[in-house]
Amino acid sequence: MTSQELSRTIDALADYALEKKLIAPEDRTWAVNRLLAALKADEYTEGGQPVSAPLADLLDRLTGHAVEQGLCGEDITSRDLFDTGLMGLLTPRPSRIIGEFRARYALSPEEATDWYYAFSQDVNYIRRDRIARDRKWVAPTEYGDLDITINLSKPEKDPRAIAAAKKAPQSGYPKCQLCRENEGYAGRLNHPARQNLRLIPVTIDEQDWFFQYSPYVYYNEHCILLGREHIPMKIDRSTFRKELDFVTQFPHYFVGSNADLPIVGGSILSHDHFQGGRYTFAMERAPLEEELAFPGFPAIRAGIVRWPMSVIRLTGADRDRLVELADRILTAWRGYTDEAAGIFAETDGEPHNTITPIARRRGMDYELDLVLRNNLTTPEYPLGVFHPHQELHHIKKENIGLIEVMGLAVLPARLKEELAALAEALVSGGDLRADERTAKHADWAEELKTRRCFTQENAMAILQEEVGRVFAQVLEHAGVYKCTPEGRAAFRRFAAGI
């Protein structure tokens, strides 16, 4: 890149920052000089037409120049560290963002979150260009329309970056990717850069928490609430209070927590956090299959949700009574064993029962969905009895966390290429077992051929529909009580004892 080209690209990035109100007109020369310093550029020529390109392209050009100059590595991890640093130079200080959020919140919670969500994209914390790569579709099933996503927005590690990270000095700061100390952190090869992250302090259940958006945005306005202190996940009475307090302050959002045990929990159990957002999942749309009555709680409507996982729904106007009943159900479930149903509260002193709780508003009412979870393993099911079984691993092997529980499949990136190859082989009659991309899917595909007719025009649509059915089975496997007469009878036995 010539000096002239570099100047015009920097001009374009400075103009972008002005347009998005990240800087004021009085800040422009200062911003240009900060970018020049980061790029180790000694020359800058004023005038001329700035480059016309999207933000991602501008950053890619400047990072490409940095690679050419030996300022950063060429792997995706190093490039991400560098371009996040560039955006960090243009991102306003936390105090300004907090002040803006609070001023807008005084007008309405929706106005505050609308602005903050747009801001998180404008500073490239949420990378719009990568989110657009995700493959998404809706699959009809007997439980309603399930959301399917092949996640392509989270970059896969380059082998060179993995090797370099192993050699890099180990650091305990920040302690994890959810710690508040990530705000403004420059990152390293084994920890993402966060110079463009700005946290919003919130008070939840009289405790200090922080609000941010997920950089990967698996659904609309996918937000994260993270605790001030680095303490492990724990589902208890205060969990329900926190969730209901949050949806009181942000009634247009839902909020939920991953379970607090391995296998049935999320990927980060070491730091207490919630996830929420502005999205209606299939589980929320699911009706009650049958009503339940809990003595002493006449004002709370309760029932079993028609859903492949085992969900008790509580709805009512009184937050305190909802917390009381939710805590009673949690306490009962923690210690509940039903050998006939294959449910054990503990084995060899290891606890197995927990809950994935989700809160939302229904008009003026509050609603809690309590999803019963169990992480028992056996020699037959070493990854979990209530976990996707071996025959489904060709599609989904990973843990079933909060997002999947609610009806959104987050599937591995490998499936983009594998499903394309599978569709081609099903149409051409190719050997499914000869290609490593399709071999793992061969048994499934051969069964599909017995009941579906594949053509060039419909092959991918059929596979997407069938992936949705597999995901429904995944959720059935994760359900502690099956959707059978025997399973429902066992579910009622538990509910009757609360």
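Structure first, text after, so check above.
This section reports on the structure supplied with the text. (Residues numbered from 1 in each chain as written. Predicted model: local features only at pLDDT ≥ 70, side-chain atom pairs only at ≥ 80, totals over all residues. Heavy atoms only, no water.)

1. Things to note about the packing of helix α3 (residues 55–68) against helix α4 (residues 76–88)
- The N-to-C vectors of α3 and α4 enclose an angle of 115°; their axes lie 10 Å apart at closest approach. Along this stretch, α3 crosses α4, giving a crossing that reads as right-handed. Where α3 abuts α4, its residues Leu55, Leu59, Asp60, Leu62, Thr63, Gly64, Ala66 and Val67 lie against Arg79, Phe82, Asp83, Leu86 and Met87.
- The residue makeup of the contact of α3 with α4, split by class, is 8 nonpolar, 2 polar and 3 charged. (Axes fitted to C-alpha atoms, helices over the stretch in contact; angles between N-to-C directions. Helix = DSSP H or I, 4+ residues; strand = E, 2+ residues; numbered from the N terminus. Left-handed = near helix turned anticlockwise from the far one by under 90°. Contact = heavy atoms within 4.5 Å. Nonpolar A, V, L, I, M, F, W, Y, C, P; charged D, E, K, R; others polar.)

2. Considering the packing of helix α13 (residues 414–428) against helix α16 (residues 459–478)
- Between α13 and α16, whose axes approach to 9 Å, the crossing angle comes to 120°. Judged by the inter-axis angle, α13 sits oblique to α16. Seen from above, α13 lies across α16 with right-handed handedness. Contact with α13, carried on its side by Leu419, Ala420, Leu422, Ala423, Leu426 and Val427, involves Ala459, Met460, Leu463 and Val467 of α16 and no other residues of that element.
- Residues that form the contact of α13 with α16 fall into these classes: 10 nonpolar, no polar and no charged. (Parallel < 35°, antiparallel > 145°, perpendicular 65-115°, else oblique.)

3. Some remarks on the nonpolar core
- Judged by nonpolar contacts, the single largest core of 91 residues is most densely connected at Phe211, Phe246, Phe294, Leu314, Ile329 and Tyr481.
- Examining the composition of this core, we find that 7 residues originate from one element, helix α11 (residues 319–334), more than from any other.
- If near-sequence neighbours (up to four positions away) are discounted, Ile329 is found in contact with Phe294, Ile312, Leu314, Ile355, Leu370, Phe494 and Ile498.
- Core analysis: the next-biggest nonpolar cluster, separate from the first, contains 53 residues, Trp307, Ile400, Phe471 and Ala472 among them. (Core = buried A, V, L, I, M, F, W, Y, C linked by side-chain atoms within 4.5 Å. Buried < 20%, exposed > 50% of the residue type's maximum accessible area, 1.4 Å probe, protein only.)

4. Here's the deal with helix α15 (residues 442–449)
- For α15, every residue scored as buried is listed here: Ala442, Trp444, Ala445 and Leu448. One face of α15 carries all of its buried residues, which in axial projection span an arc of 160°.
- Here the buried face of α15 lies against α13, α14 (436–439) and α16. (Arc of directions from axis to C-beta.)

5. Focus on empty space enclosed by the protein
- All told, the structure shown has 1 cavity of 30 Å³ or more when counted by the stated rule.
- Looking at the largest cavity, its volume works out to about 40 Å³.
- Around the largest cavity, the lining residues are Tyr116, Phe119, Ser120, Val123, Tyr125, Asn196, Leu197, Arg198, Gln212 and Tyr213.
- Counting residues per element, the ones that place at least two in the lining of the largest cavity are α6 (109–122) and β4 (207–213).
- The dominant element in the lining of the largest cavity, judged by the number of residues it contributes, is α6, at 3 residues.
- Considered class by class, the residues forming the lining of the largest cavity number 6 nonpolar, 3 polar and 1 charged. (1 Å grid on protein atoms, 1.4 Å probe; cavity = no way out; pocket = protein on both sides within 12 Å on 5 of 7 lines; lining within 4 Å. Points joined across faces, edges and corners; volume = space filled by probe spheres on them.)

6. A few points about the pairing of strand β10 (residues 311–316)
- The buried count for β10 comes to 6 of 6 residues, which makes it a mostly enclosed element.
- Here β10 shows no split at all, with Val311, Arg313 and Thr315 on one side and Ile312, Leu314 and Gly316 on the other all buried.
- Where strand β9 (residues 301–305) and β10 come together, 4 bridges link them in antiparallel fashion. Considered in β10, the bridge of Ala302 is made with Leu314.
- Counting the residues that bridge the hairpin from β9 to β10 gives 5 residues. (Pairing = 2+ DSSP bridges.)

7. Looking at the sheet that holds strand β2 (residues 144–150)
- Reading across the sheet, the 3 strands line up as β1-β2-β15 and stay open at both edges, with mixed pairing between neighbours. Pairing within the sheet leaves two strands with one partner each, and these edge strands are β1 (135–141) and β15 (408–411). This sheet shows a mean twist of 25° between the axes of neighbouring strands, independent of strand direction.
- Here α13 sits on the sheet and contacts β1, β2 and β15; the angle it forms with β2, its principal contact strand, is near 105°.

8. Remarks on unusual backbone geometry
- Look at the link from Tyr173 to Pro174: it is a cis peptide, with omega at -15°.
- Although it is not a glycine, Lys21 adopts a positive phi angle of roughly 60°.
- Considering the arrangement of structural elements, one finds Lys21 in the loop between α1 (3–19) and α2 (28–38).
- The exposure class assigned to Lys21 is exposed, which follows from its relative accessible area of 60%.

9. Observations concerning the side chain of Asp272
- Looking at the secondary structure, you find Asp272 in the loop between β6 (254–256) and β7 (273–277).
- No salt bridge is formed by the buried Asp272; the nearest opposite charge belongs to Lys242, separated by 5.0 Å.
- Beyond its immediate chain neighbours, meaning those up to four positions away, Asp272 contacts Trp209, Leu225, Leu226, Gly227, Ile231, Pro232, Met233 and Lys234. (Lys, Arg positive; Asp, Glu negative; His and termini not counted. Salt bridge = Lys/Arg side-chain N within 4 Å of Asp/Glu carboxyl O.)

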